Amino acid sequence: AQHAISKAFDEIGRIEDLYSVYKDTSETSRINRLRKNERLQINDGVFNLIHKTLDYSERTGGVFDITVKPLVDLWGRAAKSNKLPDEYEFKRALGRVGFKNVVLDEVARTIHFKKEGMSIDLGGAAKGYATDRAMRVLEESGIDNALVNLGGDMYCLGKRTVNELWKVGVQHPRDRNRSFLEIRLNDRAIDTSGDYERYFIIDGKRYSHIIDPRTGYPIGDNIVSASVIAPDSTTSDILA
């Protein structure tokens, strides 16, 4: 078991090296340095994940959009300065968002942007993908029962005990010391997103770190927590 766990952590590290926006050498950072219409051949795994995210962007009408990074950066600066973005900055960032301006070439395995200044953030899918990859490594190592938890992204393989399924508690979004729901799962992924782990307050108003790519603004307070159960963690991560 320890050997399998070590291999799973190695795989998570490999995924982080590929997808992290905080590492200059990652595939994501290489993509984000592209100029308009400049093409880059990318890793097959990265290509396939971006392809999946663009499919979900289409299916959700742009509610999920990996090109949201200019807005994420904009609101990140707002949080640090404790000041709302000015109209020029806001319109400039919003104008750089739009999944339809990402072009993948299936044959050449390349990506390019149709607009200048675009960038991607795979944070809404990569953790789920890393969870799936870690679980695959465990299964290939002969593990039948396991739970992988990457900070809100979980996959429950098999059972907790012979007679008991895995038990997942969904945190109360306004009281971190208690769960408001317990779910029993096996061979399923669950992902929870909410406004309670990362948020900021400006002029007494609470702003979520989750951005609506269509409007350019953080999501409102009508939904504070969303959990999705799916056959794989990549899917549950994207949908949550």
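Residues numbered from 1 in each chain as written. Predicted model: local features only at pLDDT ≥ 70, side-chain atom pairs only at ≥ 80, totals over all residues. Heavy atoms only, no water.

Chemist: So what's going on with the pattern of salt bridges? Residues and values would help.
Modeler: Summed over all chains, the structure comprises 17 salt bridges. Between R14 and E11 there is a salt bridge, and its shortest N-O distance comes to 2.8 Å. Placement of both R14 and E11 in helix α1 (residues 2–19) is noted, with a separation of 3 residues, approximately one turn of the helix. The class of R14 is partly exposed, set by a relative accessible area of 36%. Accessibility expressed as a relative area gives 9% for E11, which makes it buried. A salt bridge links E164 to R184; the nearest nitrogen and oxygen atoms lie 2.9 Å apart. Placement of the pair is E164 in the loop between β5 (153–157) and β6 (166–172) and R184 in strand β7 (residues 175–185), with a sequence separation of 20 residues. Judged by relative accessible area, E164 falls into the partly exposed class, the value being 24%. Judged by relative accessible area, which is 43%, R184 ranks as partly exposed. A single salt-bridge network, built from bridges that share partners, covers E11, R14 and R133. (Salt bridge = Lys/Arg side-chain N within 4 Å of Asp/Glu carboxyl O. Helix = DSSP H or I, 4+ residues; strand = E, 2+ residues; numbered from the N terminus. Buried < 20%, exposed > 50% of the residue type's maximum accessible area, 1.4 Å probe, protein only.)

Chemist: Requested: an account of the pairing of strand β8 (residues 188–194), with residues and values cited.
Modeler: With 4 bridges joining them, β5 and β8 adopt antiparallel strand pairing. Each residue of the ladder has a partner; that of D153, found in β8, is D191. In this sheet, strand β11 (residues 225–230) lies alongside β8 in antiparallel orientation, the contact comprising 6 bridges. Considered in β11, the bridge of S193 is made with A226. (Pairing = 2+ DSSP bridges.)

Chemist: Describe the layout of surface pockets, and please don't skip the residues or the numbers.
Modeler: If you add up the space inside the second largest pocket, you get close to 210 Å³. Elements with a minimum of two residues in the lining of the second largest pocket: α6 (126–140) and β5. A per-element tally of the lining of the second largest pocket places α6 first, with 6 residues. Its residues assigned to classes, the lining of the second largest pocket comprises 4 nonpolar, no polar and 5 charged. (1 Å grid on protein atoms, 1.4 Å probe; cavity = no way out; pocket = protein on both sides within 12 Å on 5 of 7 lines; lining within 4 Å. Points joined across faces, edges and corners; volume = space filled by probe spheres on them. Nonpolar A, V, L, I, M, F, W, Y, C, P; charged D, E, K, R; others polar.)

Chemist: Any details on the nonpolar core? Residues and values, ideally.
Modeler: Judged by nonpolar contacts, the single largest core of 40 residues is most densely connected at Y19, I31, I42, I50 and I111. Going through the elements one at a time, α1, α3 (44–59), β2 (102–105), β3 (110–113), α6, β4 (146–149) and β5 are the ones with two or more residues in this core. Leave out the neighbours within four places in its chain, and I50 touches I31, I42, I66, L104, I111, I120 and L122. Residues F90, F200, I202 and Y207 belong to the second largest nonpolar core, which totals 12 residues. (Core = buried A, V, L, I, M, F, W, Y, C linked by side-chain atoms within 4.5 Å. Contact = heavy atoms within 4.5 Å.)

Chemist: Could you give an account of a negative patch on the surface, with specific residues and numbers?
Modeler: A contiguous patch of negative charge, built from E139, E140, D144 and D187, is present on the exposed surface. Within the fold, D187 resides in the loop between β7 and β8. Given the relative accessible area of 32%, D187 is considered partly exposed. (Patch = residues over 30% accessible without salt bridge, like charges linked within 9 Å, V, L, I, M, F, W, Y side chains within 5 Å. Areas by Shrake-Rupley, 256 points an atom, 1.4 Å probe, with all protein chains shown as cover. Lys, Arg positive; Asp, Glu negative; His and termini not counted. Charge placed at Lys NZ, Arg CZ, Asp CG, Glu CD.)

Chemist: Could you give me a rundown of the sheet that holds β8, with the residues and numbers involved?
Modeler: Pairing in this open sheet of 4 strands is antiparallel, and the strands run β4-β5-β8-β11 from one edge to the other. Looking at which strands have only one partner, the edges of the open sheet turn out to be β4 and β11. Taken over all neighbouring pairs, the strand axes of this sheet differ in orientation by 15° on average, direction set aside. In terms of strand pairing, β4 meets β5 through 4 bridges, oriented antiparallel. What sits directly across from N149, in β5, is M154. Docked against the sheet, α6 engages β4 and β5, running at close to 25° with respect to β5. (Axes fitted to C-alpha atoms, helices over the stretch in contact; angles between N-to-C directions.)

Chemist: Mind laying out the environment of I219, listing which residues take part and the relevant values?
Modeler: One can find I219 in the loop between β10 (205–208) and β11. I219 sits 211 residues away from A8 along the chain, and the two C-alpha atoms are 34 Å apart. Not counting chain neighbours up to four residues away, the residues in contact with I219 comprise S208, I210 and D212.

Chemist: Could you give an account of unusual backbone geometry, naming the residues involved and the relevant values?
Modeler: Of note, the phi angle at R109 is positive, near 60°, even though the residue is not glycine. Along the chain, the position of R109 falls in the loop between β2 and β3. Phi at D203 is positive, roughly 55°, even though this residue is not glycine. Using a relative accessible area of 73% as the deciding quantity, one classes D203 as exposed.

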